[in-house]
Amino acid sequence: FPTRRSSDLTIQNCYFHDNQQSAILSAANAYSSPKILNNRLYNNDLSNGNFPQINLGVGATNDTIYIVGNTIEGLESNMSGGIGIMNIYSSPTKILVKQNIIKNNRYGFSPMGNKISAIILDNQLINNNLETNPNNGGSGISIYGTDTSMYAYIRNNVITGNLWGITAIFHHKIDMGTIDDMGNNFIFNNENSGIKYDLYNNSADDIFAIGNYWGTSDSAEIENAIVHQTDNANYGKVYYTPFLPSTTLKEKTNTTSYIQIYPNPILHNKINLYNTTKEQINITLYSVYGQIYKQLQSNNEHIVIDVNNLPKGIYFIQSTWKHEQVVSKIIIQ
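Residues numbered from 1 in each chain as written. Predicted model: local features only at pLDDT ≥ 70, side-chain atom pairs only at ≥ 80, totals over all residues. Heavy atoms only, no water.

Colleague: Just to check I follow, could you spell out the sheet that holds strand 25 (residues 207-209) for this structure?
Modeller: Sheet strands pair via backbone hydrogen bonds, and the direction of the pair is either parallel or antiparallel. Taken together, nine strands build an open sheet; the order of strands is 2-5-8-11-14-17-20-25-27 and the sheet is parallel. Here the strands that pair on one side only, and so sit at the sheet edges, are strand 2 (10-12) and strand 27 (238-239). As paired elements, strand 11 (residues 93-98) and strand 14 (residues 116-121) share six bridges and run parallel to each other. Residue threonine 93 lies in a different strand from strand 14, and its bridge partner there is isoleucine 116. (Pairing = 2+ DSSP bridges. Helix = DSSP H or I, 4+ residues; strand = E, 2+ residues; numbered from the N terminus.)

Colleague: Which parts of the structure should I look at to understand the pattern of salt bridges?
Modeller: Any two side chains of opposite charge can pair, given that their charged atoms come close. The final tally for this structure, using the stated rule, is four salt bridges. Of the charged contacts in the structure, one is a salt bridge between glutamate 131 and arginine 106, with a shortest N-O distance of 2.5 Å. Of this pair, glutamate 131 sits in the loop between strand 15 (124-126) and strand 16 (139-145) while arginine 106 is found in the loop between strand 12 (101-103) and strand 13 (109-113), placing the two residues 25 residues apart along the sequence. In this structure, glutamate 131 and arginine 106 share a single accessibility class: buried. We note a salt bridge from arginine 155 to aspartate 175, for which the minimum N-O separation is 3.0 Å. (Salt bridge = Lys/Arg side-chain N within 4 Å of Asp/Glu carboxyl O. Buried < 20%, exposed > 50% of the residue type's maximum accessible area, 1.4 Å probe, protein only.)

Colleague: How should the nonpolar core be read in this particular structure?
Modeller: Nonpolar side chains tend toward joint burial in soluble globular proteins. Counting 40 residues, the largest nonpolar core has Phe109 and Met176 as its most contacted members. Per element, the largest residue contribution to this core is three residues, and it comes from strand 14. In this structure, phenylalanine 109 is in contact with Ile83, Ile85, Ile95, Val97, Ala118, Ile120, Leu125, Gly140, Ile141 and Ser142, ignoring residues within four places of it in sequence. (Core = buried A, V, L, I, M, F, W, Y, C linked by side-chain atoms within 4.5 Å. Contact = heavy atoms within 4.5 Å.)

Colleague: Looking at this model, I keep getting lost on the sheet that holds strand 15. Mind explaining?
Modeller: Taken in spatial order, the seven strands make up an open sheet running 3-6-9-12-15-18-21, and their pairing is parallel. Looking along the sheet, the strands with just one partner apiece sit at the ends: strand 3 (15-17) and strand 21 (186-188). Direction aside, neighbouring strands of the sheet carry axes that sit 5 degrees apart on average. (Axes fitted to C-alpha atoms, helices over the stretch in contact; angles between N-to-C directions.)

Colleague: Which parts of the structure should I look at to understand the environment of asparagine 264?
Modeller: Following the sequence through the fold, asparagine 264 ends up in the loop between strand 28 (259-262) and strand 29 (270-275). Between the C-alpha atoms of asparagine 264 and isoleucine 331, which are 67 residues apart in sequence, the distance is 6.4 Å. Those residues in contact with asparagine 264, other than ones at most four positions away along the chain, are Lys329, Ile330 and Ile331.

Take a look at the structure:
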């Protein structure tokens, strides 16, 4: 689906799959700011070339590219990226990337060039790890700026299961959280070659990343998963304290199987829970940010929770029976 010289093109509620290269493409030398809303892009780039599923060039003057509410998922191609933006011109490019699920690609979101201003909100960048050589890709978010006009504002995202969480290369101005405006990103369990890399600042520019969750409350473990000036004097510093404690996430492992959830990911807007105790259990459904959506008590063997009004994303179900507690991660698609 090519876009050219358009600032008012809307691509909405479509299904793009099994294309040989990118599903949505704009020319590098033509100004275009499409609105890409609530689409499903699946298993594109069957030619296995270096193509993101959404592949855009310079944005239109005084307009914004909107990529909102899409599911972008790879399958057969290990070269297929999620979203790629490149600006090689002096004209600014503005982009909003919001509430997307970007998973199982070679990388998640990658703006490259100069004069790009990206607002990255409420996305899930999960398991973008298909790149076989970590030196060539595998980031949830990769920001490559040719100068410090490359700007990214990153809030409320879940970034996990990638080879690298966030990589910052060459030049940038990256805001992942300040004291007055916490990041609230959940960045954890991104690794390759047996080493965790949740944030890699491969540049001389500093990054403020205050108020994020890093999978642990141990500051030494967080430091070990962040590469910055502490590791190389030529790199900029990452300011990541204070950070969100692990109690914010509340995910636990437990061998007890008194509660079962099926299916997961959730289909048809209903969560089916099976209570093997046949006694009263307490159920709480909440978001990755700790916001409680539903609470109930039941002694039914089969419990159904209607989630029709909830946006797609990652949630947690906490179930309590007697003195035992299990927290299970679910995905609503």
